[in-house]
Amino acid sequence: MTEAGRSHFWHSDGRRLSGLSTLLLLLPFFTIIAFVFVYPILQLLVISILEPHPTLDNYARVVENPVHMRVLMRTLWTAMLVTALSVVLGFPVAYYMSRAKGTVAALVAVCVILPLWSSVLVRTAAWSFLFQRNGLINSALMSLGLTSQPFKLLYTQSAVVIAMTHVLLPFMILPIYGALRSIPNDYGRAAAVLGATRLRTFLEVILPLSLPGVVSGSLLVFLTALGFFITPALLGSPQEMMISTLVSKQIREVLDWPFAAALVGVLTVFVTLLAIIFSKMLRFDRLMGNAS
Amino acid sequence: MGLGARGRRIEGKTEGKRGSVNIVSARQSASGASIRISRLEKRFGAVSAVDGVDIDIAAGEFIALLGPSGSGKTTILMSVAGFEFPTSGTIHVDSEDLTYVPSNRRNLGMVFQNYTLFPHMSILDNVAFPLKMRGLRTAERHARAEAALATVRLAGYGHRRPNELSGGQQQRVALARAIVYQPRVLLMDEPLSALDKNLREDMQLEIKRLHAELGITVIFVTHDQSEALTMADRIAVLRDGKIQQIGPARQLYERPANLFTAGFIGEMNFVDVRVESVGDDVAVALPWGETWRLPATAAVEPAVAGEAAVLAVRPERLQLGVSPAGQVIAVTLSDVVYAGAALLLIGHLPDGTEMRARIPGASQLSSLVPGDVASFTIPTEAMLLYRGKRR
Ligand SMILES: Nc1ncnc2c1ncn2[C@@H]1O[C@H](COP(=O)(O)OP(=O)(O)OP(=O)(O)O)[C@@H](O)[C@H]1O
Ligand SMILES: [Mg+2]
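The rules behind the values
The numbering scheme is per chain: residues are counted from 1 as the chain's sequence reads. Written order determines the labels here, with chains lettered from A and ligands numbered from 1. Side-chain atom pairs in this predicted model are given and counted only at pLDDT of 80 or more, local residue features only at pLDDT of at least 70, and totals for whole chains, interfaces and linings cover all residues. With hydrogens and water excluded, all non-hydrogen atoms of the structure serve as input to the side-chain values. Contact criterion: two residues are considered in contact whenever any of their non-hydrogen atoms come within 4.5 Å of each other. Joining two parts hides part of their accessible area as seen by a 1.4 Å probe, and the buried area is that hidden amount summed over both. For this analysis, a salt bridge means a side-chain nitrogen from Lys or Arg found within 4 Å of a carboxyl oxygen belonging to Asp or Glu. Under the rule applied, a polar contact is a pair of N or O atoms within 3.5 Å (in protein, one hydrogen donor and one hydrogen acceptor; residues adjacent in sequence only if both atoms are side-chain atoms). Secondary structure is summarised from DSSP: a helix means a run of H or I of at least four residues, a strand means a run of E of at least two, and numbering begins at the N terminus for each. Under the scheme applied, nonpolar residues are Ala, Val, Leu, Ile, Met, Phe, Trp, Tyr, Cys and Pro; charged residues are Asp, Glu, Lys and Arg; polar residues are all the others, including Gly. Throughout the structure description, domain borders are defined by an automatic or database domain assignment. UniProt positions are given in the numbering used here, feature names are shortened, and annotations may be inferred rather than shown by experiment. Whether a residue is buried, partly exposed or exposed follows from its accessible area with a 1.4 Å probe, protein chains only, as a fraction of its type maximum: under 20%, in between, or over 50%, in that order.

1. Re the interface of chain A and chain B
Contacts between the two partners involve 21 residues from chain A and, on the opposite side, 24 residues from chain B. Summed over both partners, the interface of chain A with chain B buries about 2200 Å², with 65% contributed by carbon and sulfur atoms. Considering only the side of chain A, the residues that lose the most area to chain B are Arg189(A), Val193(A) and Leu194(A), jointly responsible for 33% of the buried surface there. Across the chain A-chain B interface, the total number found is one salt bridge. Across the contact surface, chain A and chain B share four residue pairs in polar contact (both at pLDDT 80 or more). Elements that contribute at least two residues to the side of chain A that touches chain B include exactly helix H9 (185–193) and helix H10 (198–226) of chain A. Its residues assigned to classes, the side of chain A that touches chain B shows 13 nonpolar, four polar and four charged.

2. As for the domain arrangement of chain B
Examined at the domain level, chain B breaks down into domain 1 (2–254) and domain 2 (267–387). Computed over C-alpha atoms, the centres of domain 1 of chain B and domain 2 of chain B are 42 Å apart.

3. Some remarks on the UniProt feature "transmembrane region" (unreviewed entry) in chain A
All names here are of chain A. In this numbering, the UniProt entry assigns the feature "transmembrane region" (unreviewed entry) to residues 20–42, 76–97, 104–126, 159–180, 201–234 and 254–278. Helix makes up 100% of residues 20–42 and strand 0%, whereas the separation of the span's terminal C-alpha atoms amounts to 29 Å. The span residues 76–97 carries 100% helix and 0% strand; its end-to-end C-alpha distance comes to 30 Å.

4. Description of the environment of Gly347(B)
Residue and element names in this part refer to chain B. In this structure, glycine 347 sits in strand S17 (residues 342–348). With 186 residues separating them in the primary sequence, glycine 347 and arginine 161 have C-alpha atoms 54 Å apart. With sequence-adjacent residues up to four places away left out, glycine 347 is seen in contact with Val331, Thr332, Leu333, Ser334, Thr353, Glu354 and Met355.

5. Overview of the UniProt feature "domain: ABC transmembrane type-1" (unreviewed entry) in chain A
Residues annotated by UniProt as "domain: ABC transmembrane type-1" (unreviewed entry) correspond here to residues 72–278 of chain A. With 79% helix and 0% strand, residues 72–278 of chain A has its two end C-alpha atoms placed 20 Å apart.

6. Quick look at the pattern of salt bridges
Opposite charge on two side chains permits pairing when their charged atoms draw close. Evaluated as defined, the whole model comprises 21 salt bridges over all chains. For Lys132(B), the salt bridge identified is with Glu204(A), shortest N-O distance 3.0 Å. Residue Lys132(B) is located in helix H4 (residues 123–133), and its partner Glu204(A) is located in helix H10; the two belong to separate chains. On the basis of relative accessible area, Glu204(A) is assigned to the buried category, the value being 16%. Arg184(B) is the partner of Asp94(B) in a salt bridge, and the nearest nitrogen-oxygen pair spans 2.7 Å. Remark: Arg184(B) occurs in the loop between helix H6 (167–179) and strand S7 (185–189) and Asp94(B) occurs in the loop between strand S4 (88–93) and strand S5 (96–97); sequence separation between them is 90 residues. What you see here is one network of salt bridges that share partners, running through Arg153(B), Glu206(B), Arg209(B) and Glu213(B).

Shown next as C-alpha cells:
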C-alpha cells in the first residue's frame, strides 16, 4: 500500500473517507449483520412461503385465525402502552438530568444506567417476587388495610406492561436526555428575555427541540417491546400470550417452523411499516432544522 | 410589590387583548431608558465575578463593557437581563428597581453571541416570537415581524429556516427579534465575535444605525477594543470584576486613568522611573541615569517623591529626530516593519527597555535598518506618569 493510500485511513479532521477506507471500516460490521441478521430472517421468510410446499397458507392461518390476530394486536397494543408509559415516566427524569448538577444528578444518572448492567432476567424475576400473592406489594396493601384479599398481580398483562416499562425505561431516558442536553442554555434564556414564562419556554422551545430524542427513544422502546420474550413469558398469563411466546411455542412445542416463520413475517411487515413512518418523522424533524 | 408604572404596563402587555394597544403606545414613546447599576456584586462561591460596580447610563446612550476574559462583563449583563440575581447591589431601569424581577417581565431586548434563533421556527416566527408571548394576534405580529425584518434589511427572508441563513444574516434576524417589541434597552453579549472581520464591520455600522434610528439604550459587551472605541459613546473598562475607568473613547485613549487601562487600550510604551521630587514639575530619574522634568499634569496619579513610577507614551506620539519640544531618547533598532500607512520601529533603550514607534509617511524612512541607533523626541505633552512598576 502506498503512502498516499495509507493516509486516507485516519481522518480525525473530518475529511471525506476514500472508498477503500469506508469499505474497510464497515466491512466487519456488515459481515456480522449479514450472517446473524439478514440471512436468518430471509431464511425464515423463505420457509414461511416454501414449506411444506410453495404456498401462502401459513400466512392465511395467521390472518384467518382470530386467536392469532388477537395475539398480534395484543403485542402491538402492549408495545404502544409500554412506549407511552416510558415517555411519560422518562421525559421528566431526562429533563431533570439535563438541568441538574452535582451529587443528586449523578445519583439519578447512576440509577438510570445501573439497571442496564444487570440482566433482563434478573429484573423480571425481581418483579415476579414483588407481584406474588404474598409478595411485597400485596402484603403492603393488606397491612395498610387497603384490601383484605391479595390482588392477582402475577401472570397478568398489567404485570407485563409494568415490568417491560421498567426494563425499557433507560432506552427512552437516554435519547431524550441527549436531545435535551444538546439544546444550548441560551435558547431558554433568549425565550425568557423575549417574554416567555417558564411554561411557554418549555412548550414552545424546549419540547419541540427535544422531539427527535423522544422519537428515537420511542422507536427503540417500541421495537424492542414488540419482540420482548422473557418478561411476557415469566410474568404474563398463558391466556394472554404475546407474539414472541407464541412463536417460541410453535417452534419448541408444536415444531411448526413454517407457521412460526409466517408469524415472524407478519410482525416484520408491521415493524418495517412503523420504522418507515418513524424515520419519516425523524427526517421531518431534521427539516425543522436541528443543524445549528 | 414596588413595581412602578412601567412594570404594570409590561404586565398589561402579556395579558393578551390589550397587548396591541400597549405596543402602539410603546412605539410612540420609542426611546431609550436610563439604567443605574449601583454597587453591584456577584459572587460564585469564592469567586467574586463582579465586585462593586457602579454605572450610570443615560437614556439613549451606547455603552460598551470592555475587559479581558473573566473580568465580569457577561455577569453584569446577565444581572441586567435577569438571568443572574446579584449577591448585592441594585439595578434600576428608568428609576424602577428591576434587580429581582424575572427576565420575562423586564421587557429588555437581548442579542446573544451565538444568534440563538430557534431552529425549529421560521425566521418570521422567530421574529414574531416575543409578540406571540405578548398575546398579539397572528396577522398583527406577522406584520410587525415583517417590518422589523425590513429594518435589518432582510425583508422577504421570513419563510426561511435559521440554518438557511449566513452567520451575519442570522445575527441580523436576532437583532430584529430583539427590537420588534420596542424595548427601551438593548443588551448585547459579544454579538459580533462569531462573524468574520468584514461582516463584523458591516454589522457594527448596522447596529450603530439602529441605535441612532431607535434611540434605544445599548449595553454592548466586547473584548475587542477597536469595536468598543468605534461604536460606544462611553466605555467601561473592567478587570477582575471592578471598573477601571469609564469614559468616552477619546478620554480612555488619551489619558488612561491607571496602568491597567493604559496597557489594555491601544499600544503603549512603558519605562520604569523613580520620582525624585514633586513640585511645580515632577522630576523623574530614568534607568540610564538621566533626569527629566515633566509638567505636573503628566502625573495621572499623584506622584510621590522617592517612589517608583512608570512613564507611558503611545508609539505614534514618538517623533523621529531631535527636537526641543520634548525629551530625546536613543533607540537601538531591532526591527523595522512596514505596516501600511505607517512604519513600525521596534528597538530598545540604553537600559534594554523595549520601545516602539509608529511613524507615518513611511517612504522617506526606508533607509533605517535594524542595528541603527535612532533618536526620537517624546513631546512633553505625550508623557503620562503612573505609580507603580510596569508588569
Ligand atoms: N456560573 C458561574 N459559576 C461560577 N463562576 C462563574 C460563573 N459565571 C462566571 N463565573 C466566573 O466569574 C468571572 C467573570 O465571568 P464572566 O463570564 O462575567 O467574564 P467575562 O468578562 O464575560 O469573560 P469573557 O470575555 O471570557 O466572556 C470568571 O472568573 C468566571 O469564571
Ligand atoms: Mg463573557
